[in-house]
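Here's the letter readout for the chains.
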Amino acid sequence: RYFINDAFYSDNGPVFLFIGGEGELSSDWVKEGAWIRYAEEHHALCIAVEHRFYGKSQPTGDLTMESLQYLSSKQALNDLRWFIQYMNSDYNMKYGIDENTKWIAFGGSYSGNLAAWLRLKSPDLVHGAVASSAPILAKVDFSDYFRVVAESIRTYSSKCINVTSQAIDKVNELIQGGTREQQVLDDKLHLCEPIQNFVNNSKYLSTLYVAITDNFAGAVQYDLSTRIGSICNVLTTKEGGEPIDRLSTVARSDGGCLDFNYNKTIANRQWIYQTCTEFGYFQSSSAHPSFFGHGFPVEYYIGMCSDIFGQQFTADYITSQVDNTNRYYGGLDINVTNVVFVHGSIDPWHALGLTKTRNPKAPVIYIKGTSHCEDMGDINVTPEMEAVRRKISKYIKKWLLN
């Protein structure tokens, strides 16, 4: 499925291709965002293409293992290559585009990878790419994710992260206590189910720790200059009760009970499949030190792969698949030109991306104090971000002229 916006297009202009990632696209994607501003400036035709197996782009109609074998980044890149050739054919003379038309790819996060990799694998069709917050290094145990989360929160308030650590220690203490202590934990965290029913079930306990830390991850990854502050205001206000009480308020941002049902976490089957077969990206608690405890090790995620997709998904198998991904695309040693990589220092995903320019033909823009894919949107358009966007637009102009 694809969407087109020709509002800014002029004859013989370029085509800007926004690549869909691990979610559904809509027509809004060709109406909003920084890339639309670039399109207006460069008189480009805007096309957004949905990723196979996401949204309404369902090639088989189901998500069985037999069907999911056709879900991969390689298949997605082949789809895009075919699509560009199709659009360049005589069939699409409506826009006057042909094999001489210059295409620029855009994407953020996983789709930022795809933008860079499309330029890498199809330089004959794609003349440049803007890869925002792209974690181009596949890694099984992505423990650096929560290391960056903690560092970003500490930058805002060291007291905030210390209170968090104290509260996590209290959770550990109550879980390891007797029935009375576990009942206290039920009450403090407002758990949806009694913890004493699961004290010997490592999968449910790990899911509890993930549920506790989830809002911290979201606040940092999508900070937008407000969410970290909101969380830290709760955690550092003594009127909110003991540290564990304040932690509970943060973890239950919707005010309901805290759900740690392992079986309910197995959603977005397509993306989990891709992490198990290509990327890893498992955001574990394995880092030392860890201010969020060590309750969700990488083995938790490997076990999830096995539970969903079969016993063949062992640690060795997943590691070999991730190694294959890095060999195929190059990891951080990607050998590509006409790609600009953009990362924000707050965003945990920058730990798997390029944050310094290694190749002048593939420059890096590293923006201090910004979060995940922040350069792509129209929110928080600070003078610094405007300068970044002008720089990106200059790169695009250079690619189009060459």
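Residues numbered from 1 in each chain as written. Predicted model: local features only at pLDDT ≥ 70, side-chain atom pairs only at ≥ 80, totals over all residues. Heavy atoms only, no water.

Going by what an unreviewed UniProt entry lists, the chain is known as Serine protease K12H4.7 and is assigned to Ignelater luminosus.

**Student:** Go over the packing of aromatic side chains with me, naming the residues and quoting the values.
**Tutor:** Taken as a whole and assessed by the stated rule, the structure comprises 35 aromatic pairs. Seen in terms of ring centroids, Trp117 and Tyr329 are 3.7 Å apart; in terms of plane orientation they differ by 5°. Their pairing is stacked. Separated by 212 residues along the polypeptide, Trp117 in helix 4 (residues 110-121) and Tyr329 in helix 13 (residues 315-329) bring together distant segments of the chain. A relative accessible area of 4% places Tyr329 in the buried class. With a centroid separation of 5.7 Å and 70° between ring planes, the pair formed by Tyr145 and Trp349 is classed as edge-to-face. With Tyr145 in helix 5 (residues 144-156) and Trp349 in the loop between strand 8 (339-344) and strand 9 (364-367), the pair connects residues that are 204 residues apart, well separated along the chain. Among the residues examined, Trp349 registers a relative accessible area of 8% and is labelled buried. We note Lys74 situated over the ring of Tyr328; from NZ or CZ to the ring centre the distance is 4.2 Å. Sitting over the ring of Tyr328, Lys121 keeps its end group 3.8 Å from the ring centre. (Phe/Tyr/Trp six-rings, centres within 6.5 Å; stacked < 30°, edge-to-face > 60°. Helix = DSSP H or I, 4+ residues; strand = E, 2+ residues; numbered from the N terminus. Buried < 20%, exposed > 50% of the residue type's maximum accessible area, 1.4 Å probe, protein only. Lys NZ or Arg CZ within 6 Å of the ring centre and 35° of its normal.)

**Student:** Account for a positive patch on the surface, naming residues and giving values.
**Tutor:** Together, Arg390, Lys391, Lys394 and Lys397 make up a region of like positive charge exposed at the surface. Tracing the backbone shows Lys397 in helix 14 (residues 383-401). Relative accessible area serves as the criterion here: at 49%, Lys397 is assigned to the partly exposed category. (Patch = residues over 30% accessible without salt bridge, like charges linked within 9 Å, V, L, I, M, F, W, Y side chains within 5 Å. Areas by Shrake-Rupley, 256 points an atom, 1.4 Å probe, with all protein chains shown as cover. Salt bridge = Lys/Arg side-chain N within 4 Å of Asp/Glu carboxyl O. Lys, Arg positive; Asp, Glu negative; His and termini not counted. Charge placed at Lys NZ, Arg CZ, Asp CG, Glu CD.)

**Student:** So what's going on with the sheet that holds strand 1 (residues 2-5)? Which residues, and what values?
**Tutor:** A sheet is described by the order of its strands in space; here 7 strands give the open sequence 1-3-2-4-5-8-9, paired in mixed fashion. The strands lining the two open edges of the sheet, one partner per strand, are strand 1 and strand 9. Across the sheet, the mean angle from the axis of one strand to that of its neighbour is 15°, orientation sign disregarded. For strand 5 (residues 128-132) and strand 8, the ladder comprises 4 bridges, and the chain directions are parallel. Residue pairing in the sheet places Ala129 in a bridge with Val339 of strand 8. (Pairing = 2+ DSSP bridges. Axes fitted to C-alpha atoms, helices over the stretch in contact; angles between N-to-C directions.)

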